[in-house]
Amino acid sequence: MAKKDKIDRKNWNKKIREKLIEQAKKAQKHSYSPYSRYPVGAAVLGESGRIYTGCNVENASFGLSMCAERTAIFKAVSAGEKKIRDICVVAKSATPCGACRQVILEFAAKDANVICVDWQPLEKKKEKVTLIKVSKLLLKPFDPSQAGL
Ligand SMILES: [Zn+2]
């Protein structure tokens, strides 16, 4: 019985990962990136089980641009989610930037996965998926609880 449960859980995790990748790819299509031409999509799984997506949104005043990961996380939080179970980012050589890593650390469960998908829709290459544990995202990150916040 226990062995069967383990297999089911593994399949469930694979299904969730595939769903997040599919949703992140859909979100990537909405990227507004006329300046960098670097479309990024993201999808996060909230603790409720709902999935929230985001894409990068650039602005002619570059400092106002927003990454796909933070767009998705802020959508989840503004919908009432308190914790992120997993997050997926899709782009060519996708991996979250430093600012997004700090935001991910604040909202993600300690055992959450960051699913990085190296994929560019215009290239005909097969996607490459890399998993990073949230705990490995930043070396000595800013910790609000240590700062008394
Ligand atoms: Zn970022």
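Basis of the calculations
- Numbering of residues begins from 1 in every chain and follows the order in which that chain's sequence is written.
- Given that the model is predicted, a residue must reach a pLDDT of at least 70 before its local features are reported, and side-chain atom pairs must reach 80 or more before they are shown or counted; all residues, however, enter totals for whole chains, interfaces and linings.
- Between any two strands, pairing holds if DSSP finds at least two bridges.
- A run of H or I in DSSP counts as a helix once it spans at least four residues, and a run of E counts as a strand once it spans at least two, with each numbered from the N terminus.
- What counts as an axis is a line fitted to C-alpha atoms, over the stretch in contact for a helix, and the angles between N-to-C directions run from 0 to 180 degrees.
- Once C-beta atoms are placed from the backbone, any two residues with those atoms within 7 Å are in contact.
- Think of it as a crowd count around each C-beta: if 20 or more other C-beta atoms lie within 10 Å the residue is buried, if 12 or fewer it is exposed, and in between it is partly exposed, with C-beta placed from the backbone throughout.
- The arc in question is the one traced by the directions running from the helix axis out to the C-beta atoms.

1. Observations concerning the sheet that holds strand E2 (residues 51-55)
Part 1: In spatial order, the strands read E2-E1-E3-E4-E5; together these 5 strands make up an open sheet with mixed pairing. Because the sheet does not close on itself, it has two edges, and the strands there are E2 and strand E5 (128-133). Averaged over all neighbouring strand pairs, the angle between strand axes comes to 15°, with direction disregarded.
Part 2: For strand E1 (residues 41-46) and strand E3 (residues 84-91), the ladder comprises 6 bridges, and the chain directions are antiparallel. If you follow Ala42 over to E3, its bridge partner there is Val89.
Part 3: Against the sheet, helix H2 (residues 68-78) contacts E1, E2 and E3, and its axis sits at roughly 145° relative to E2.
Part 4: Across the sheet, helix H3 (residues 98-107) touches E3 and strand E4 (108-118), and the angle it forms with E4 is around 140°.

2. A closer look at H3
Part 1: Those residues of H3 that sit buried are Cys100, Val103, Ile104 and Phe107. In an axial view of H3, the angular spread of the buried residues amounts to 105°, which keeps them on one side of the axis.
Part 2: On its buried face, H3 sits against H2, E3 and E4.

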